[in-house]
Structure formats: structure tokens, C-alpha cells
Amino acid sequence: MSGLAREALPPRAATATATTTAAPVPGARPGGTPDVALEVAHLSVDYIGGPEPLHAVDDVSLTLCRGEMLGLAGESGSGKSTLAYAITRLLRPPGQVTAGDVRYYPRSGAPVDVLGMSADELRQFRWAELSIVFQSAMNALNPVMPVRAQIDDVLRTHMPGLNRNDRAERIAALLGMVGIPAARSRAYPHELSGGMRQRVTIALALALEPEIIVMDEPTTALDVVIQRQILAEIGRLRAQLGFAVIFITHDLSLLIEMADTIAIMYAGRLAELAPAGELYRAPRHPYSRGLLDSFPALHGPQRSSEGIPGSPPDLRGLPPGCAFHPRCGWAFERCRQLVPPLTGQPLEEDSLDHQVACHLYGDAGPHPATLEVRPSHSDNAGHRDG
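For clarity, every value in this text was computed on a predicted model and none was experimentally measured.

**Side note on helix α4 (residues 147–158)**
With 12 residues, α4 should cover 16 Å at 1.5 Å per step; its first-to-last C-alpha distance of 17 Å lies within 8% of that length. Looking at α4, one finds that the buried residues are Val-147, Gln-150, Ile-151, Asp-152, Val-154 and Leu-155. Buried residues along α4 sit in contact with α5 (164–177) and α6 (194–206).

The structure is reproduced here in C-alpha cells:
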């Protein structure tokens, strides 16, 4: 991208159709309406320990609605997992939340300040209202306990009214829900395949029927066939049980297919936030465009893939202004001086607000660049359609 002229981002070659149903944009803050499950407001996380704090997450605001899948995408080191651990209160030293709020909105009752919970309140909150599926199932599961004992431990702690037979039935039902025969519940994690171990962690996350599940790259270590099976399972369970998902991945093509809303992170900040179909058809930020152009087309004319030049910045020494400007072919002087705010940039044909942190948009930019809306190709498979 660095050699292209700075006028307007050209239309992308067609790869596949992606559309999305109307859903609230996470950047909008409706203030606890019944559809909102979780609000993250101006959250910042630093890693303390060196001469200067490392700003891993910087002023991130998101809203997750009930039943929605919100995707977080970006290169390694962009702050996705740190954000997830801060939301779930699993952040360990030297990580430290330095600003912001995380509020959970139960179906009934007052909003809950997640960051202000005591240890006892947090134990009741986790698994029951919010659970997490970790990236490496082998590390997340206890290697010296059979999987049924690990699920049973959750049930005994949070559902003391269940007797042994009730818990055994619940364990069999949970494993069956994710496609694991009840007989395999006696197996230890090392006796299961990678796909089955990941299914066990999903069953654990579903044990108490939480409202929100955070999935931190749950399919990264799996081959593409098993990955597809796990993703299909997640989609089926979400439709069946109605929980909301924060899905973290570096693979934007997965989110185009699965998510309702996508947030693009770069160097600890949000670069762009939009409904999935809208981001696919008309990405605003050059970084989002580069991510989309990095995976090959399944259909349409042959084209050469264009990656993003350079490497992500070192968070210990971010460049002034927009952190992406050293890698951006559209950067101009303002980009090198001022950090762009995340602002709404609706287009005439958009049904929802589309937010982007880029100086190319608005009165301040010399060229208010607009990406053309890509044509629809209904015969293309592999991406969302409706």
C-alpha cells in the first residue's frame, strides 16, 4: 500500500458476498437498554514494570448486545486478548486496568460494575453470567483430572442444589451438546484430540448457561476441517441458547462470515467498528482494507494479494499521531501529528453508524476518501449471506 497515491482507497476485487442483519453498533452507548448485555467504556490497560508503562489497551469503548456476536480482529500484539482478560478480570500482574468501566446488564436488576466486584462477587459472576473459552484447550484443562470431574467441579461450586445423579446427567447433556459421547467423559485431556479438547472447554463455558461467552482465538491451533466443525458448533449453540459472544481472532475472514459486528484493533486502539457486512463491502480504514485484501478470493477474477507493508509498532515506543501512519500509503501530515478519534462516518446507503479512527474522513482531511460499495455476488460461497 505504501506506493499508492493518496486520493481515495480503490474498490476491492470481489471475493464473496457478506451481509448482516440490523444490530446495534457497539460504539453506540444506549445506557443500559434491555438489549444491552455488556458495556466497555474508555477502558485502558497498562503493563507496569519497565521504565515506562506499556499501553496495551488505550481508551476502548464497546457495547455488546444480548445474543450478538462481536468480533475483535487485528494482528498479534494489537491488544485483543489483553482487552478480553481485562473484561473478564483475568488480567494478571504486571497488567493493570488504569482507566474505564466495564458494566454488565442482567436481564433483571441493576447494572453490575465488573471492575468493582469483590472476590466473592466475582466467583459468583464468572461461569454463571460470563465465561471464557481460552486459546489453548490443553493449557486451560487440568491434565490430571478427567473431563467429567472438571465440569463436575463447576457444577458443585455454582449449583450446590444438584445431587450426584443430577450432575452426571448435566455433564452428559453438556458433552452431548458439543458432540462428545458421554463415555468419553472419563477421558483425561491428553487422551482427546485437539478438536475434542476445544469442545470440552466450550461445554465448560456453557455449564451454567451464561449470558456472555468470551472466545479467545478458540480455533487457532486446530486444522481447517476441525476449525470449521467448531465454528459451526458455536453458531448452532448460539442460535439455540441465545448467549452473546465476544470472538477474538486474527482471521478477519472468519468474522466476516460469523459476526454481527466487527471491531478492528491496532496498537491497542480501535481503528474501525461496523456491522460485519458493511465493513466487508466498504471498509473505511486503510488497515481494515489491508486485512481484507490479505486473504485470497474464492471466486471472481484472479488477482494478486496485497498485504500490509511493515510490521506492527512496538508498544513501548509508538510513533506520534496515528500509530498506523508509517505503514499507510494515504498518510499525510496530520496523521503524523494527531491521534485520530473514533468517530461515526455514516454513508447514505448505510443502515447503521460506522465508526473509524482515520484523518482521511471528515473536514480535517484533504481528501475525504470513500471506499466504493462492492457489488453483490450471490453465487460466492464461504461468507455470510443474510
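**Description of the pattern of salt bridges**
Scanning the model with the defined rule gives 16 salt bridges in all. For the salt bridge of Asp-152 with Arg-167, the shortest nitrogen-to-oxygen distance reads 2.6 Å. Remark: Arg-167 occurs in helix α5 and Asp-152 occurs in helix α4; sequence separation between them is 15 residues. Under the relative-accessibility criterion, Asp-152 is labelled buried at 16%.

**Some words on the packing of α6 against helix α7 (residues 224–241)**
For any two helices packed against each other, the geometry is given by the interaxial angle and the distance between the axes. Packing of α6 against α7 leaves a shortest axis separation of 10 Å and a crossing angle of 15°. Relative to α7, the element α6 lies roughly parallel. Two packed elements cross with a definite hand, and for α6 against α7 that hand is right-handed. Only Ile-226, Gln-229, Ile-230, Glu-233, Ile-234, Leu-237 and Leu-241 of α7 make contact with α6, whose side of the interface consists of Gly-195, Gln-198, Arg-199, Ile-202 and Leu-206. Of the residues belonging to the contact of α6 with α7, the class tally is seven nonpolar, three polar and two charged.

What counts and what doesn't
Residues numbered from 1 in each chain as written. Predicted model: local features only at pLDDT ≥ 70, side-chain atom pairs only at ≥ 80, totals over all residues. Heavy atoms only, no water. Helix = DSSP H or I, 4+ residues; strand = E, 2+ residues; numbered from the N terminus. Expected span 1.5 Å × (residues − 1). Buried < 20%, exposed > 50% of the residue type's maximum accessible area, 1.4 Å probe, protein only. Contact = heavy atoms within 4.5 Å. Salt bridge = Lys/Arg side-chain N within 4 Å of Asp/Glu carboxyl O. Axes fitted to C-alpha atoms, helices over the stretch in contact; angles between N-to-C directions. Parallel < 35°, antiparallel > 145°, perpendicular 65-115°, else oblique. Left-handed = near helix turned anticlockwise from the far one by under 90°. Nonpolar A, V, L, I, M, F, W, Y, C, P; charged D, E, K, R; others polar.

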